[in-house]
Amino acid sequence: MSDIENKEENVQHFLDLIRKSRQGKFKVYIGMSAGVGKTFRMLQEAHSLLRNGIDVKIGYIETHFRKETHDLLEGLPIVPRRKIFYKGKELEELDVQAVINLRPEVVVIDELAHTNIEGSKNEKRWQDVLEILEAGINVISAVNIQHIESLNEEIKEITGIEVKERIPDSILRLADEVVNIDLTADELITRLKEGKIYTPDKVQMALNNFFKPEQILQLRELALKEVASQVERKVETEIPKSTAIRHEKFLACISSNEKTARNVIRKTARLASYYNSKWFVLYVQTPRESSDKIALDKQRHLINNFKLATQLGAEIIRVENNNISKSIMEVAEQRQITTLCIGKPHLNLFNVILSTNIFNELLKKLSFADIDVVILS
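Figured I'd write up the structure that's included with this text. Quantities reported herein were computed from a predicted structural model and do not represent experimental measurements.

## Focus: the sheet that holds strand E11 (residues 339–343)
- The strand order across the open sheet built from 5 strands is E10-E9-E8-E11-E12, with neighbouring strands paired in parallel fashion. The open sheet has two edge strands with one neighbour each: strand E10 (315–320) and strand E12 (372–376). Between one strand axis and the next, the sheet turns through 25° on average, direction left out of account.
- Inspection of the sheet shows strand E8 (residues 249–254) paired to strand E9 (residues 278–285) by 6 bridges, in the parallel sense. Bridge pairing in E9 places isoleucine 254 opposite tyrosine 283.
- Sheet strands in contact with helix H11 (residues 258–275) are E8, E9, E11 and E12, and its direction is about 175° off that of E8.

## Focus: the pairing of strand E5 (residues 106–109)
- Burial of the side chains of E5 extends over both faces: Val106 and Val108 are buried on one face and Val107 and Ile109 on the other.
- Judged from the 4 bridges that link them, strand E2 (residues 56–60) and E5 form a sheet pairing that is parallel. When the bridges of E5 are listed, valine 56 appears paired with valine 106.
- Strand direction decides the pairing type here: E5 and strand E6 (residues 138–144), joined by 4 bridges, are parallel. Across the sheet, the residue bridging to valine 106 is asparagine 138, located in E6.
- Crossover connection from E5 via helix H5 (residues 125–134) to parallel E6: handedness right-handed.

## Considering the nonpolar core
- Within the largest apolar cluster, 66 residues are counted, with the highest numbers of intra-cluster contacts made by Phe26 and Ile132.
- The element contributing the most residues to this core is helix H10 (residues 213–238), with 5 residues.
- Counting residues in each nonpolar core, the second largest holds 20 residues, with Ala252, Ala261, Ala309 and Leu312 among its members.

## What about the environment of glutamine 146?
- Summarising the element assignment, glutamine 146 is placed in the loop between E6 and helix H6 (152–159).
- Looking at glutamine 146, the relative accessible area reads 8%, which means it is buried.
- Between the alpha carbons of glutamine 146 and serine 33 there is a distance of 7.5 Å; along the sequence they are 113 residues apart.
- Not counting residues within four places of it along the chain, the set of residues in contact with glutamine 146 comprises Met32, Ser33, Ile155, Val163 and Phe210.

## Concerning the packing of helix H8 (residues 185–193) against helix H9 (residues 200–208)
- Where H8 contacts H9, the two axes come as close as 9 Å, and the packing angle between them is 155°. When the interaxial angle is binned, H8 and H9 end up roughly antiparallel. Residue-level contacts link Ile189, Leu192 and Lys193 of H8 to Val203, Ala206 and Leu207 of H9.
- The residue makeup of the contact of H8 with H9, split by class, is 5 nonpolar, no polar and 1 charged.

## Overview of the sheet that holds strand E1 (residues 26–31)
- The strand order E2-E5-E6-E1-E7 describes an open sheet built from 5 strands, whose pairing is parallel. Of all strands in the sheet, those with a lone pairing partner are E2 and strand E7 (177–181), marking the two edges. Adjacent strand axes in the sheet meet at a mean angle of 20°, parallel and antiparallel pairs treated alike.
- Along the sheet, helix H2 (residues 38–51) contacts E1, E2, E5, E6 and E7; its crossing angle with E6, the most-contacted strand, is approximately 165°.
- Across the sheet, H5 touches E1, E2, E5 and E6, and the angle it forms with E5 is around 180°.

The rules behind each value
Residues numbered from 1 in each chain as written. Predicted model: local features only at pLDDT ≥ 70, side-chain atom pairs only at ≥ 80, totals over all residues. Heavy atoms only, no water. Pairing = 2+ DSSP bridges. Helix = DSSP H or I, 4+ residues; strand = E, 2+ residues; numbered from the N terminus. Axes fitted to C-alpha atoms, helices over the stretch in contact; angles between N-to-C directions. Contact = heavy atoms within 4.5 Å. Buried < 20%, exposed > 50% of the residue type's maximum accessible area, 1.4 Å probe, protein only. Right-handed = clockwise from strand over helix to strand, strands pointing away. Core = buried A, V, L, I, M, F, W, Y, C linked by side-chain atoms within 4.5 Å. Parallel < 35°, antiparallel > 145°, perpendicular 65-115°, else oblique. Nonpolar A, V, L, I, M, F, W, Y, C, P; charged D, E, K, R; others polar.

Written as structure tokens, this is what we have:
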């Protein structure tokens, strides 16, 4: 690295520190499903802060008519919601500007993954929260594990449901604290049967669908893993190390194969999140996939996958070259990559024979570099 690049990196690091010191602190309660008690815990914390003389306000809370949760709103200062008329109905949203104008020390904002009503300044509530944090206001919020973008496929496999409202993993990485609200499957099902989560008419349907013990157990595991990786990240960034550690950098190598590429992107995002690492997505465009030759549907899928990778915090690298392995190695060396992530090839025998030289060439080059290879199924 040249002196100029070094100086620029130091300046950028200093600017990031200044920006972070001005930004509000961000605490997120996470749970394996609805009904574990995230909103209840946030309101308990708000009462505790209020008793200790902290200016805390409720920006947006969704009690879902749960009595024990709703009762906790008593005595807490609430910021009036913004009323919007949409399709003939009066609806309510978080009033971001009112929160910024009031400037409380702490604001409680529920349902981080919520999609705002059409016509709102921001499309998502997590974007509202970013705006409030940038104004120097501390935020306490909550989200369920199934709303995390990179877990979307796993959640679909566990529950059979594709969750539409999602938050980028980078939002959780911004959090100063991530707290898991944990219950056993039995405890959660007992709460459901007691009517503490849904109204009596919805209990049986919930037991038949989302609230099956085997599903709850798997979701619980995902939530615990997520919080464990957040704690590990905090240890790595805040506790000084006596010896230097290798800083992981991941490179996800994708092709125009839509499903394989999406899988590689999501799984690399998880790895990068676990290691609190920078990561990149590389697409090597060969002459036969140039913009005038590639099929329109493939081009559209590629663009969508680039968009997904960007949302998950990756930097996109596009290279035009006929030599795929050479391009991968050049990018890996330039960006000081420690781990290459590639998709498991779904090829017929003829293509395997044709690809052998490319793969062998790549392995030969990797053997001389300190770079790990992960083949993602």
